[in-house]
Amino acid sequence: MLLLLPTVLLVWLGTMFIYTAGLKLVYYDQANRLIHPYGILPRRISTLIGYLLPWTELLAGILLLSGVFFPVGPLIGLILGVSFAYAAARVLRQGAEVPCGCIGMTGDRVDFTTLARALFIPEYDH
């Protein structure tokens, strides 16, 4: 049973990556606006990352589900999760009102729940 847990976790995370990537791709013309409100990167770089984020999530999901190039999928997921946790913590520390962009173009704002999910459920919020 204990050996099954890592597989279940990888399948769940891979599915979440693909799901969140799909939601962002539906609104891809607005994807460039996801990163800039966090105020961490210059506009041109945040725009580029905004366009690349859904494709990176999709790649991570496919790699996690397929097991191909292991451990590249989990590494990409870890990098995305840590990056988002850092950005969310910074926004909360500044007291800024920033849309999380977590699951597409919803009106959700970064809050302590968002940060907790980013820390305890890697990549759920992207």
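Everything below is about the structure printed above this text.
The rules behind each value
- Sequence order as written defines the numbering, with residues in each chain counted from 1.
- At least 70 in pLDDT is required for a residue's local features to be given in this predicted model, at least 80 for side-chain atom pairs to be given and counted, and no such filter applies to totals for whole chains, interfaces and linings, which use all residues.
- Computation of side-chain values covers all heavy atoms of the structure but excludes hydrogens and water.
- Buried residues of nine kinds, namely Ala, Val, Leu, Ile, Met, Phe, Trp, Tyr and Cys, make up a nonpolar core once their side-chain atoms join them within 4.5 Å.
- Working definition: with a 1.4 Å probe on protein chains only, accessible area under 20% of the residue-type maximum means buried, over 50% means exposed, and in between means partly exposed.
- Numbering goes from the N terminus for both helices and strands, where a helix is a DSSP run of H or I of at least four residues and a strand is a run of E of at least two.
- In a helix, the anticipated span is given by 1.5 Å times the number of residues less one.
- Contacts are assigned to residue pairs that have any heavy atoms within 4.5 Å of one another.
- In this description, a line fitted to the C-alpha atoms serves as the axis of each element, helices being fitted only across the stretch in contact, and the angle between N-to-C directions of two axes falls anywhere from 0 to 180 degrees.
- Roughly parallel covers angles under 35 degrees, roughly antiparallel covers those over 145, roughly perpendicular covers 65 to 115, and oblique covers all other angles.
- By the definition used in this description, the sense in which the near helix is turned from the far one sets the handedness, with an anticlockwise turn below a right angle giving left-handed and a clockwise turn giving right-handed.
- Basic side-chain nitrogens of Lys or Arg form a salt bridge, by our definition, when they fall within 4 Å of a carboxyl oxygen of Asp or Glu.

1. Here's the deal with the nonpolar core
In this structure, Tyr38, Phe84, Cys100 and Val110 are the most contacted members of the largest nonpolar core, which totals 13 residues. Counting residues per element, the ones that place at least two in this core are α3 (72-94) and α4 (112-120). The element best represented in this core is α3, accounting for six residues. Of all hydrophobic cores here, the second largest spans 10 residues; its members include Leu13, Leu53, Leu63 and Leu64.

2. Side note on α3
Given 3.6 residues per helical turn, the α-helix brings residues three or four places apart onto the same face. An ideal rise of 1.5 Å per residue puts 33 Å on 23 residues; α3 measures up with 33 Å between its terminal C-alpha atoms. Turning to α3, its buried residues are Gly73, Ile76, Gly77, Leu80, Gly81, Phe84, Ala85, Ala87, Ala88, Val91 and Leu92. In this fold, the buried residues of α3 make contact with α1 (4-26), α2 (43-66) and α4. Phi turns positive one or two residues past the end of α3, at Gly95, with a value near 70°.

3. Overview of the packing of α1 against α2
Contact geometry of α1 with α2 gives a least axis separation of 8 Å together with a crossing angle of 155°. Classed by the angle they form, the pair α1 and α2 counts as roughly antiparallel. In this structure, α1 meets α2 at a crossing whose hand is left-handed. Each of Leu10, Val11, Leu13, Gly14, Thr15, Phe17, Ile18, Thr20, Ala21, Lys24 and Leu25 in α1 lies in contact with α2, whose residues at this interface are Leu53, Pro54, Trp55, Glu57, Leu58, Ala60, Gly61, Ile62, Leu64 and Leu65.

4. Looking at the pattern of salt bridges
In total, this model carries two salt bridges according to the counting rule given. With a closest N to O distance of 3.1 Å, Lys24 and Glu57 form a salt bridge. One end of the pair, Lys24, is in helix α1; the other, Glu57, is in helix α2, with 33 residues separating them in the sequence. Relative accessible area serves as the criterion here: at 0%, Lys24 is assigned to the buried category. For the salt bridge of Arg109 with Glu97, the shortest nitrogen-to-oxygen distance reads 3.8 Å. Of the two residues, Arg109 is situated in the loop between α3 and α4 and Glu97 in the loop between α3 and α4; the sequence distance between them amounts to 12 residues. You can call Arg109 partly exposed: its relative accessible area is 40%. What makes Glu97 exposed here is its relative accessible area of 64%.

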